[in-house]
Amino acid sequence: MGFLSRLFGSDNGKDSAQRAKNRLQIILINDRTDITPELLENLREEILNVIIKYVDIERSKIAIDFEKEQGATALVANIPILRIKRGGSIAMN
Amino acid sequence: MAARVIVTTSGKGGVGKTTSTANIAAALAKFGKKVVAIDADVGLRNLDVIMGLENRVVYNFIDVIEKTCKISQALVKDKRVPGLFLLPAAQTRTKDAVNPEQMIALCEELKPDFDFILLDCPAGIEGGFKNAAAGADEALVVTTPEIPAVRDADRIIGMLESMGKSPIRLIINRLRPNMVQDGDMLAKDDILDVLSIDLIGVVPEDENVIRSTNNGEPMTMSLDSPAAHAYLNIAERLLGRDVPLMDLESYAGRGFFSWIKKFFSGGSKKK
Ligand SMILES: Nc1ncnc2c1ncn2[C@@H]1O[C@H](COP(=O)(O)OP(=O)(O)OP(=O)(O)O)[C@@H](O)[C@H]1O
Ligand SMILES: [Mg+2]
């Protein structure tokens, strides 16, 4: 994937080996954690339902996913907060 | 002697376990080791054919386990390379004819007489795999540079780790250097990145694999071909020697003969 495809940022420009690697990484994360997309969706909903009790969040910008680094898998959530609710007891960023 | 017991596995079928087992066994024997290759693929035996010993098979390892014959009667001695033996599988039995404890006992019985015991495992993660893996200390995992094979390799690696096998090392088979160069095939490093496992060798796609199967003679016995060299290198690495990876990229796109010329003039460290 040379500089052209990076410039245009499209997946179509990527060579098929790079696409294969990206797909493999996602497949293996799911295989290794035994977590299906449905399960991840349920997990996400429940986490959000807890969080909205305390803070207003921007639903469209939420990213919750598994990330792999050096053999370890982490559940990484990025939840942009609009406003802390009155009486909310936790502060987040 | 107390043999090292190594199982060749893959997860996905047809990626080159039997080809690898036969060629590594023959290579180790060429390096002066006493080697027995056990066909643990009960019911679908192939190793005898790839090694070209099918006409000499009388008994199989199930006969040994069931005490129909002695182990020495079931071992087929390869007359082409000193120190190379085959212990065939039964073709007309099923995997249920043997259990992991019996495989362990079989390997223990062979250990004092050999340097290496190589087990050719059936594809999959079921009984046949578990039987073959039970007797082994170390494992070789074979994959091709394709998503399904790598995915299944990951599964098998997880199972081998939980069984306590160590080391577990990867063979990447059927790599096509020119496709890798064009960005149309997963490269060695891509696969190592996602699997995070040690590599023991990369074997290129090579029509001589088919030729050698036709002839019933493992490539490492005689042929000078890219795959033969790759398997000889793997055997050397099993012996603990530090052999650099073949420069497959420089072979890509050029003819086989120019590559071979380069290989022999370019200071290969063949002994
Ligand atoms: N490096 C290679 N180049 C070309 N062909 C190859 C190579 N390695 C294996 N093959 C071919 O792939 C096919 C499968 O090989 P092999 O029987 O060794 O795989 P296997 O993993 O033992 O299969 P199974 O899961 O059925 O036991 C054979 O036809 C063989 O000739
Ligand atoms: Mg096989």
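Refer to the structure above for everything that follows.
Note that the structure is a prediction, hence the values are computed from the model and not measured.

What counts, and at which threshold
Numbers given to residues run from 1 along each chain, matching the order in which its sequence is written. For this description, chains carry letters from A and ligands carry numbers from 1, given in the order in which they are written. With pLDDT at 70 or above as the cut-off, local features in this predicted model cover only qualifying residues; side-chain atom pairs require 80 or more to be listed or tallied, and sums for whole chains, interfaces and linings still use all residues. To obtain the side-chain values, all non-hydrogen atoms of the structure were included, while hydrogens and water were left out. Under the DSSP-based scheme used, a helix requires at least four consecutive residues in state H or I and a strand at least two consecutive residues in state E, with every element numbered from the N terminus. For a compact globule the rule gives 2.2 Å times the number of residues to the power 0.38, and the radius of gyration it is set against comes from C-alpha atoms. By the convention used here, residues are in contact when the closest approach between their heavy atoms is within 4.5 Å. Working definition of accessibility: Shrake-Rupley area with a 1.4 Å probe, residue cover restricted to the visible protein chains. Charged residues are defined narrowly, with Lys and Arg counted positive, Asp and Glu counted negative, and His plus the chain ends left uncounted. Lys charges are placed at NZ, Arg charges at CZ, Asp charges at CG and Glu charges at CD. Working definition: residue near molecule or strand if any one of its non-hydrogen atoms lies within 4 Å of it. Two N or O atoms count as a polar contact when they lie within 3.5 Å, although within protein this holds only if one can serve as hydrogen donor and the other as acceptor, and sequence-adjacent residues are included solely when both atoms are side-chain atoms. Gly falls in the polar group here, along with every residue not listed as nonpolar (Ala, Val, Leu, Ile, Met, Phe, Trp, Tyr, Cys, Pro) or charged (Asp, Glu, Lys, Arg). Salt bridges are defined as contacts in which a side-chain nitrogen from Lys or Arg sits within 4 Å of a carboxyl oxygen from Asp or Glu. We call a residue buried when its accessible area falls under 20% of the maximum for its residue type, exposed when it is over 50%, and partly exposed in between, using a 1.4 Å probe and counting protein chains only. Values labelled buried area give the accessible surface lost by two parts on being combined, using a 1.4 Å probe and summing over both. Space inside and on the surface of the protein is sampled on a 1 Å grid over the protein atoms alone, with a cavity defined as a set of points where a 1.4 Å probe fits but cannot get out and a pocket as an open set with protein on both sides within 12 Å along at least 5 of 7 lines; lining residues have an atom within 4 Å of a point. Grid points are joined across faces, edges and corners, and a volume is the space filled by probe spheres set on the points. Strand pairing is assigned whenever DSSP detects at least two bridges linking the two strands. What counts as an axis is a line fitted to C-alpha atoms, over the stretch in contact for a helix, and the angles between N-to-C directions run from 0 to 180 degrees. Oblique is the label for any angle not covered by the other classes, which are roughly parallel (under 35 degrees), roughly antiparallel (over 145) and roughly perpendicular (65 to 115). Here is the rule for handedness: rotate from the far helix to the near one, and if that takes an anticlockwise turn smaller than a right angle the crossing is left-handed, while a clockwise turn gives right-handed.

Student: Describe the overall build of chain B, naming the residues involved and giving the relevant values.
Tutor: When you go through chain B residue by residue, the secondary structure sums to 14 helices and 8 strands. Its C-alpha radius of gyration of 18 Å places chain B within 12% of the 18 Å reference for a compact globule of 271 residues. Principal-axis analysis of the C-alpha atoms places the extent of chain B at approximately 55 × 40 × 30 Å. The contacts of chain B with a sequence gap of at least 6 include a subset with a gap of at least 24, amounting to 75%. Entry remark: accessible area of chain B is about 11400 Å², with carbon and sulfur atoms responsible for 48%. Side-chain charges in chain B split into 33 positive and 36 negative, and the spacing between the mean points of these groups amounts to 5 Å.

Student: Lay out the site of ligand 1 in plain terms, naming residues and giving numbers.
Tutor: Residue and element names in this part refer to chain B. Surveying the vicinity of ligand 1 reveals 16 residues, the closest of which are Gly14, Lys17, Thr18, Thr19 and Asn173. Within the backbone of Gly14, an N or O atom sits 2.9 Å from an oxygen atom of ligand 1. Interatomic distance of 3.0 Å between a backbone N/O atom of Gly16 and an oxygen atom of ligand 1. Relative to its free-state accessible area of 640 Å², ligand 1 is covered by the protein chains to the extent of 79%. With 3 residues, helix α1 (residues 17-30) is the single largest residue contributor to the shell around ligand 1. Taken together, the residues of the shell around ligand 1 break down into 5 nonpolar, 6 polar and 5 charged.

Student: Go over the pattern of salt bridges with me, naming the residues and quoting the values.
Tutor: Residue and element names in this part refer to chain B. Per the stated rule, a full pass over the model turns up 17 salt bridges over all chains. Across the pair Arg80 and Asp78 runs a salt bridge, and its minimum N-O distance is 2.8 Å. The class for Asp78 is buried, based on a relative accessible area of 0%. The closest approach of N and O atoms between Lys188 and Asp189, which form a salt bridge, is 3.4 Å. What makes Lys188 partly exposed here is its relative accessible area of 27%.

Student: Give me the interface of chain B and chain A: which residues, what numbers.
Tutor: At the junction of the two partners, chain B supplies 14 residues and chain A supplies 13 residues. Here chain B packs against chain A, burying approximately 1200 Å² in sum over the two surfaces, 59% of which is carbon and sulfur. Three residues stand out in chain B for area buried against chain A, namely Ile147, Arg151 and Val194 of chain B, and they jointly supply 45% of the buried area on that side. Scanning the region where chain B abuts chain A turns up 4 salt bridges. Among the salt bridges present, the one from Asp154 of chain B reaches Arg32 of chain A, with a minimum N-O distance of 2.5 Å. Between the two partners, chain B and chain A, sit 7 residue pairs in polar contact (both at pLDDT 80 or more). Elements with a contribution of two residues or more to the side of chain B that touches chain A: α7 (147-162) and α9 (188-195) of chain B. Partitioned by chemical class, the residues of the side of chain B that touches chain A number 6 nonpolar, 2 polar and 6 charged.

Student: Residue-level account of the layout of surface pockets, with values.
Tutor: All names here are of chain B. One number sums up the size of the second largest pocket: a volume of about 350 Å³. In this structure, the second largest pocket is lined by 21 residues; those nearest its centre are Gly14, Val15, Gly16, Thr19 and Arg174. Breaking the lining of the second largest pocket down by element, the ones donating at least two residues are α1, β7 (168-175), β8 (198-204) and α10 (208-215). Examining the composition of the lining of the second largest pocket, we find that 3 residues originate from one element, α1, more than from any other. In terms of residue class, the lining of the second largest pocket is built from 9 nonpolar, 7 polar and 5 charged.

Student: Go over the sheet that holds strand β6 (residues 138-143) of chain B, please, and point to the residues and values.
Tutor: Residue and element names in this part refer to chain B. Sheet architecture is open: 8 strands sit in the order β3-β4-β2-β5-β1-β6-β7-β8, paired in mixed fashion. Of all the strands in the sheet, the pair left with one neighbour each is β3 (76-77) and β8. As paired strands, β3 and strand β4 (residues 84-87) are joined by 2 bridges and run antiparallel to one another. Residue Lys77 lies in a different strand from β4, and its bridge partner there is Phe85. Sheet strands in contact with α9 are β6, β7 and β8, and its direction is about 145 degrees off that of β7.

Student: Could you give me a rundown of the packing of helix α2 (residues 16-33) of chain A against α7 of chain B, with the residues and numbers involved?
Tutor: α7 of chain B packs onto α2 of chain A with a crossing angle of 30 degrees between their chain directions and a minimal axis gap of 10 Å. In terms of orientation, α2 of chain A lies roughly parallel with respect to α7 of chain B. Helix-helix and strand crossings are classified by hand; for α2 of chain A and α7 of chain B the assignment is right-handed. Here α2 of chain A contributes Ala20, Arg23, Leu24, Ile27, Leu28, Asp31 and Arg32 of chain A to the contact with α7 of chain B, which in turn contributes Ile147, Val150, Arg151 and Asp154 of chain B. A breakdown of the residues in the contact of α2 of chain A with α7 of chain B according to their chemical character gives 6 nonpolar, no polar and 5 charged.

Student: I'd like a rundown of the pairing of strand β5 (residues 116-120) of chain B, residues and numbers included.
Tutor: Consecutive residues of a regular strand have side chains that alternate between opposite faces of the sheet. Residues and elements named next belong to chain B. β5 sits mainly inside the fold: 5 of its 5 residues count as buried. A two-sided burial pattern is seen for β5, the buried positions comprising Phe116, Leu118 and Asp120 on one face and Ile117 and Leu119 on the other. Here strand β1 (residues 4-9) pairs with β5 via 5 bridges, running parallel. What sits directly across from Ile6, in β5, is Leu118. Of the strand pairs in this sheet, strand β2 (residues 35-39) and β5 are connected by 5 bridges, and their pairing is parallel. Each bridged residue has a counterpart across the sheet, and for Val35 the counterpart in β5 is Phe116.

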